[in-house]
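The chain contents come next:
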Amino acid sequence: MMDVPVDTGVAARTPAAEGLTEAEEEELRAELAKVEEEIVTLRQVLAAKERHCGELKRKLGLSALDGLRQNLSKSWHDVQGSSAYMKTSEKLGEWNEKVTQSDLYKKTQETLSQAGQKTSAALSTVGSAISRKLGDMSSYSIRHSISMPAMRNSATFKSLEDHVGTIKSKVVGGRENGSDNLPSPTGSDDKPLPDHAPF
């Protein structure tokens, strides 16, 4: 053997090239180079066409999402028209009919229907009981509920009572001292409020 560097591409092609003459092999290599060159050219042309298409869509206000939506719609339409889809639809229809006609399905449906009716009745009973309780609670007067000891001893009630007392002393304070004049908002006692004040 000669010490010639072997091209890995040539080594890979050698088993396939067995049985070919050198002229045939050269012809096939030339054709392969030509096809690869055409592929590169077509890719460049395709890239240029895609850029041009994108510019046209941009100018028309069409987005990539519109194109995707159209592609999906067309693909779905193609799928629905395919024989595999139609056969599958027919099979599913047959299975659905068999299942819905089976005794087990009918019994399950009947049981679920009864359970739904019982649940509805139970919820209706609970709802009317709650309404009744709320009606009973609203029949008590507010005065009765305020006079209840638990209510009077609560922190909220005491705070409210303190605020009412403070407001009362500010509003009625001048009248308790024998004067009909209310304190002035400015703090000076020399200008009484007019008698027609809406207090």
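Residues numbered from 1 in each chain as written. Predicted model: local features only at pLDDT ≥ 70, side-chain atom pairs only at ≥ 80, totals over all residues. Heavy atoms only, no water.

Turning to the overall build of the chain, a few remarks are in order. Looking only at helices and strands, the chain features eight helices and zero strands. Its helices and strands taken in sequence order, the chain reads α-α-α-α-α-α-α-α from the N to the C terminus. (Helix = DSSP H or I, 4+ residues; strand = E, 2+ residues; numbered from the N terminus.)

With that out of the way, let us pick up helix H2 (residues 22-60). Along its 39 residues, H2 runs 56 Å from first to last C-alpha, staying within 8% of the 57 Å computed at 1.5 Å per residue. In the stretch just after H2, glycine 61 is the one whose phi turns positive, near 85 degrees. (Expected span 1.5 Å × (residues − 1).)

Moving on to the packing of aromatic side chains. By the definition in use, this model includes one aromatic pair. Relative to tyrosine 85, the ring of tryptophan 76 lies with its centre 5.8 Å away and its plane at 80 degrees, an arrangement referred to as edge-to-face. According to the relative accessible area criterion, tryptophan 76 is partly exposed, its value standing at 48%. (Phe/Tyr/Trp six-rings, centres within 6.5 Å; stacked < 30°, edge-to-face > 60°. Buried < 20%, exposed > 50% of the residue type's maximum accessible area, 1.4 Å probe, protein only.)

Enumeration according to the criterion identifies three salt bridges in this entry. With a closest N to O distance of 3.2 Å, lysine 74 and aspartate 78 form a salt bridge. Of this pair, lysine 74 and aspartate 78 both sit in helix H3 (residues 64-81), four residues apart, which is roughly one turn of that helix. (Salt bridge = Lys/Arg side-chain N within 4 Å of Asp/Glu carboxyl O.)

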